[in-house]
Amino acid sequence: MDKKQGLLKLKLDLQSRKDIPLIKSANDVVFGDGDPDSEIVFIGEAAGYYESVEHRPFVGQSGKLLIKTLNEIVGIDRKDVYITNIVKARPPDNRDPFPEEIEAFRSILDKEIEIIKPRIIVTLGRFSMAKFIPDVTISQVHGQPRFFKFSTINHELTNYEPIIFPMYHPAAALRGTTVMNIFKDDFVKLKSLLVQKTKIEDNKQDIDTKQHGQLDIF
Ligand code: URA
């Protein structure tokens, strides 16, 4: 099964589940979207109104900012990355997802990552950041790449170790100039990371990631 088929199967499975909160019918699912062969995956929080109408992540105001910034600063189109959410449905009134909702969708996201195996995972906002970097605030770690070791994915042992790149959520950037400037600066750093990634991967063994697990490249 190739990546596209694997993701389609996962989406169809999710659409038929009766035990996942926020999913009453197949129509409620807002699955990940984009190029499954991309080396970058963006992970947001949950679908909003426009996403629930179009059944595609990040198509509202936040999405427009995300895609415009990716395009203008990094020079990459939406179709060339993969974009998904922690919670693949819309919480009512766009409230924050509950911990039990995040937990219910966890194995779906893990399988999605396992199929794509991106080299870089960009987390957008605190919910997706917390999956990989718990007990920190975004203000402490945004724009600082670090390796993350998946010792198991869905209970299976792995040695998959992508780079996690935490960023503010674009909705936070839309709320004020300070975060907007940080958001754009972090895209400049993401671009540098992409340029350097081959070197980083080659030298991975030499980099001391044990101390804070952080890559010292900026
Ligand atoms: N915010 C998110 O986190 N995800 C979306 O898909 C849209 C807005």
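Remember, predicted model here, so these are calculated numbers, not experimental data.

### Let's talk about the nonpolar core
And then number 1: Of all hydrophobic cores here, the largest spans 50 residues; its most connected members are Val41, Phe42, Ile86, Ala89, Val122 and Phe165.
And then number 2: Looking at this core, the element that brings in the most residues is helix H4 (residues 99–116), giving 7 residues.
And then number 3: Excluding residues that lie within four positions of it along the chain, Val41 makes contacts with Tyr82, Thr84, Ile113, Ile116, Pro118 and Ile121.

### Considerations on the site of the ligand
And then number 1: Around the ligand sit Gly44, Glu45, Ala46, Ala47, Gly48, Glu51, Pro57, Phe58, Gly60, Ser62, Gly63 and Asn85, and those are all the residues in its vicinity.
And then number 2: Broken down by secondary-structure element, the contributors of at least two residues to the shell around the ligand are strand E2 (40–46) and helix H3 (61–74).
And then number 3: Here the shell around the ligand is composed, by residue class, of 4 nonpolar, 6 polar and 2 charged.

### Some thoughts on the sheet that holds strand E5 (residues 146–147)
And then number 1: Spatial strand order, E1-E3-E2-E4-E8-E5: 6 strands in an open sheet with mixed pairing. Each edge of the open sheet is held by one strand with a lone partner, namely strand E1 (33–34) and E5.
And then number 2: Relative to strand E3 (residues 82–87), E1 is paired through 2 bridges, and the arrangement is antiparallel. Within E3, the position partnered with Gly34 by the bridge is Tyr82.

### A short note on H4
And then number 1: Given a rise of 1.5 Å per residue, 18 residues ought to cover 26 Å, and the 25 Å separating the end C-alpha atoms of H4 matches this to within 8%.
And then number 2: At Arg106, H4 shows its largest kink, close to 40 degrees.
And then number 3: Ile102, Phe105, Ile108, Leu109, Glu112, Ile113, Ile115 and Ile116 are the residues of H4 that are buried.
And then number 4: Of the surrounding elements, those touching the buried residues of H4 are helix H1 (3–15), E2, E3 and helix H5 (126–132).
And then number 5: Positioned one or two residues after H4, Lys117 has a phi angle of 45 degrees, which is positive.

### A word on the pairing of strand E8 (residues 163–167)
And then number 1: Burial within E8 is extensive, with 5 of its 5 residues counted as buried.
And then number 2: Here E8 shows no split at all, with Ile163, Phe165 and Met167 on one side and Ile164 and Pro166 on the other all buried.
And then number 3: Judged from the 5 bridges that link them, strand E4 (residues 120–124) and E8 form a sheet pairing that is parallel. Its bridge partner being in E8, Val122 is matched across the sheet by Phe165.
And then number 4: Note: E5 against E8, 2 bridges, orientation antiparallel.

### Quick word on the confidence of the model for the chain
And then number 1: Confidence in the prediction for the chain averages 92 pLDDT; 89% of positions are at 70 or higher.
And then number 2: Segment residues 207–212: pLDDT under 50, and 4 contacts once partners within four positions in sequence are set aside and those in other chains are kept.

### A word on the packing of H1 against H4
And then number 1: Where H1 contacts H4, the axes come no closer than 9 Å and their chain directions differ by 170 degrees. The angle between H1 and H4 places the two elements in the roughly antiparallel class. On H4, the residues that touch Lys3, Gly6, Leu7, Leu10 and Leu14 of H1 are Ile108, Lys111, Glu112, Ile115 and Ile116.
And then number 2: Looking at side-chain class alone, the contact of H1 with H4 contains 6 nonpolar, 1 polar and 3 charged residues.

How each quantity is defined
- Residues numbered from 1 in each chain as written.
- Predicted model: local features only at pLDDT ≥ 70, side-chain atom pairs only at ≥ 80, totals over all residues.
- Core = buried A, V, L, I, M, F, W, Y, C linked by C-beta atoms within 7 Å.
- Buried ≥ 20, exposed ≤ 12 C-beta atoms within 10 Å, placed from the backbone.
- Helix = DSSP H or I, 4+ residues; strand = E, 2+ residues; numbered from the N terminus.
- Contact = placed C-beta atoms within 7 Å.
- Near = placed C-beta within 6 Å.
- Nonpolar A, V, L, I, M, F, W, Y, C, P; charged D, E, K, R; others polar.
- Pairing = 2+ DSSP bridges.
- Expected span 1.5 Å × (residues − 1).
- Bend = angle between axes of the 7 residues up to and from the residue.
- pLDDT = per-residue confidence, 0-100.
- Axes fitted to C-alpha atoms, helices over the stretch in contact; angles between N-to-C directions.
- Parallel < 35°, antiparallel > 145°, perpendicular 65-115°, else oblique.

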